[in-house]
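Letter by letter, the chains look like this.
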Amino acid sequence: MAGCVTRVELSVSCRSLLDRDLGSRSDPLCVLLQAVGDGQWAELDRTERIKNCQNPEFSKKLVVDYYFEKVQKLKFGVYDIDNKSFNLNDDDYLGGIECTLGQVVSSSVFTRPLELKQGKPAGKGTITISAEEVKDTRVVYLEVEARSLDKKDFLGKSDPFLEFYKQSDAGTWQLVYRSEVIKNNLNPCWRKFSVPLQTFCGGDFNKPIKVQCADHDSDGSHDLIGTFETTLTQLQRAGDSSPVEFECIHPEKKQKKRSYKNSGIIRIKSCKIETEYSFLDYVMGGCQINFTVGVDFTGSNGDPRSPDSLHYISPDGINEYLIAIWSVGSVVQDYDTDKLFPAFGFGAQIPPSWQVSHEFALNFNPSNPYCQGIQGIVDAYRQILPQIRLYGPTNFSPIINHVARFAAHSAQQGTASQYFILLIITDGEITDLDQTRQAIVNASKLPMSIIIVGVGEADFKAMEFLDGDNGVLKSLTGEPAARDIVQFVPFRQFKNAPREALSQMVLAEVPKQLVSYYKWQGWPPMKPPEIKEV
């Protein structure tokens, strides 16, 4: 499986973008989408937004897995961002291109004119993409500060930021990192940052690195404070008690004034190199993925005997619940050795007492709720449907807390041995939103992810809120989630798409979520990969 996949890092820049803002230039961001079949696109990654800039060079690289054996259709879209929402539908489109990953990978530099729609150019706008294979999993962590920088602003001090460039084989400078801006400060201390070793210097510790310090202007016309060149070998001399210092030199000032010393001092407080592990490193290192299913049996689904019910099993033996179980389960089951999956229902009255239950085993065996394989879940679901009464309310928190207890027990071992995925399939009418928010915030500190598939035509506003893509999910008391662990997908978007489209979209976030948890804990894979020198 791992042999066919190569990680590829895409650097993106644009020229001559359209101007959509009145009185200033556009604030572009580039989003990368991949075709998942039937006209559907799934977002893979996005760059940062750059303010007031028609010729952006994005510092955030877009990372994509390259499968030689698949045609991977990509869409690059450039948007003018004027608000804080994650959703791009309310932002001006500055143009895009469609191509395949193969086309990008096979050209050293891939430049195309941007189009607003097929055949309609976006002014003179172009996009340039260059690809680099990620072979090295090491990461450079840097802490940088400066003192006595030149004052550049007429009123007040400078607003400094840093840019790091590596030298390409052709001798040109390529941006690898841009820091945040620190306002009105000639002695700034920037926040600690990390850049993959390969991005930073191509894995070559003696490759020239250019560091530029500039004064940020809101109209995009930044003024150079000064620059210097170094190498990673020199930067690495920075230790806890002995920072490495560089003079920041402005070339024109140096030429004009004989008495010119420098435009400030840049200090590298620390420079560390650490290994960054991938999803495959953890899985191949022995991490088991435990898959649990929760099925919504509340009354709002409709009577299962009626053809308009979401639980109605059609003559060909399927419904949306079954398709969701199959498509997600069939991918996840490959990562679980025992193929025993706990499956639960919630929101129904169950025999013999007809009490409402919010976590009952689909096989009616609470002490052993495991089903054999995905087929076992499907069989249990079909058998239980005629035996229960759909009821309510729709409470998610009991089943989230149920899986969280297992995840918490596993986390106590302190190793990357088990990760838990809970798939909740629901018609979306949630009752215990506040308790569910708290349950998710608690679970975000555990080795687990939650996937919610919404079936039917309901308004899924609450589900989108839980997804946290538009900002960090907080509990009622204001406690933020430690990481984003919820992925919500409405089934209706995939009604006519191939089965694998749903699973690709639903599972897209899981590898990142798993890695983010173990990185946060500082746990390596149980059997770490051997480092191959590049």
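You'll find the structure just up there.
Owing to the predicted nature of the structure, the values given are computational and were not obtained by experimental measurement. (Residues numbered from 1 in each chain as written. Predicted model: local features only at pLDDT ≥ 70, side-chain atom pairs only at ≥ 80, totals over all residues. Heavy atoms only, no water.)

Undergrad: Outline the packing of aromatic side chains, listing residues and values.
TA: Following the criterion strictly, the structure yields 19 aromatic pairs and no others. A connected cluster of aromatic rings, assembled from ring pairs, spans Tyr277, Tyr282, Tyr419, Tyr517, Tyr518, Trp520 and Trp523. For the cation-ring pair, Arg389 lies above Trp354, with the distance from its terminal atom to the ring centre recorded as 3.9 Å. (Phe/Tyr/Trp six-rings, centres within 6.5 Å; stacked < 30°, edge-to-face > 60°. Lys NZ or Arg CZ within 6 Å of the ring centre and 35° of its normal.)

Undergrad: Tell me about empty space enclosed by the protein, residues and numbers included.
TA: Inspection of the entire model under this criterion finds one cavity of 30 Å³ or more. Forming the boundary of the largest cavity are Glu9, Ser11, Lys61, Glu132, Lys166, Gln174, Leu175, Val176 and Thr199. Those elements that place two or more of their residues in the lining of the largest cavity are β1 (5-15) and β11 (173-178). Of the residues in the lining of the largest cavity, the class split is two nonpolar, three polar and four charged. The residues that make up the lining of the largest cavity include at least three from each of domain 1 (6-134) and domain 2 (138-275). (1 Å grid on protein atoms, 1.4 Å probe; cavity = no way out; pocket = protein on both sides within 12 Å on 5 of 7 lines; lining within 4 Å. Points joined across faces, edges and corners; volume = space filled by probe spheres on them. Helix = DSSP H or I, 4+ residues; strand = E, 2+ residues; numbered from the N terminus. Nonpolar A, V, L, I, M, F, W, Y, C, P; charged D, E, K, R; others polar. Domains from an automatic or database assignment.)

Undergrad: Lay out the pattern of salt bridges in plain terms, naming residues and giving numbers.
TA: The tally for this structure, following the rule as stated, stands at 18 salt bridges. Between Lys60 and Asp45 there is a salt bridge whose closest N-O contact spans 2.9 Å. In this pair, Lys60 is assigned in the loop between β3 (40-46) and β4 (62-67) and Asp45 in strand β3, connecting sequence segments 15 residues apart. For Lys60, a relative accessible area of 35% gives the class partly exposed. For Glu48, the salt bridge identified is with Arg178, shortest N-O distance 3.3 Å. (Salt bridge = Lys/Arg side-chain N within 4 Å of Asp/Glu carboxyl O. Buried < 20%, exposed > 50% of the residue type's maximum accessible area, 1.4 Å probe, protein only.)

Undergrad: Outline helix α9 (residues 433-443), supporting the account with residue identities and numerical values.
TA: The complete set of buried residues in α9 reads Thr436, Arg437, Ala439, Ile440, Val441 and Ala443. Those residues of α9 hidden inside the fold are in contact with α8 (397-411), β25 (448-454), α10 (461-467) and β26 (486-490). (Contact = heavy atoms within 4.5 Å.)

Undergrad: Which residues make up helix α6 (residues 320-332), and what are the values?
TA: In this model α6 runs 18 Å from its N-terminal to its C-terminal C-alpha over 13 residues, within 8% of the 18 Å that 1.5 Å per residue would give. Buried residues dominate α6, accounting for ten of its 13 residues. Burial in α6 covers these residues: Glu320, Tyr321, Leu322, Ile323, Ala324, Ile325, Ser327, Val328, Gly329 and Val332. Where α6 starts, the residue carrying a side-chain oxygen 3.0 Å from the main-chain nitrogen of Tyr321 turns out to be Asn319. (Expected span 1.5 Å × (residues − 1). Polar contact = N/O pair within 3.5 Å; in protein donor to acceptor, adjacent residues only side chain to side chain.)

Undergrad: Requested: an account of the layout of surface pockets, with residues and values cited.
TA: Of the pockets and cavities examined, the second largest pocket occupies roughly 760 Å³. Lining the second largest pocket are 29 residues, with Ile50, Phe161, Glu163, Arg178 and His222 positioned closest to its centre. Every element with two or more residues in the lining of the second largest pocket is listed here: β10 (160-167), β11 and β13 (209-215). The dominant element in the lining of the second largest pocket, judged by the number of residues it contributes, is β10, at three residues. Split by domain, the lining of the second largest pocket shows at least three residues from each of two domains, domain 1 (6-134) and domain 2 (138-275).

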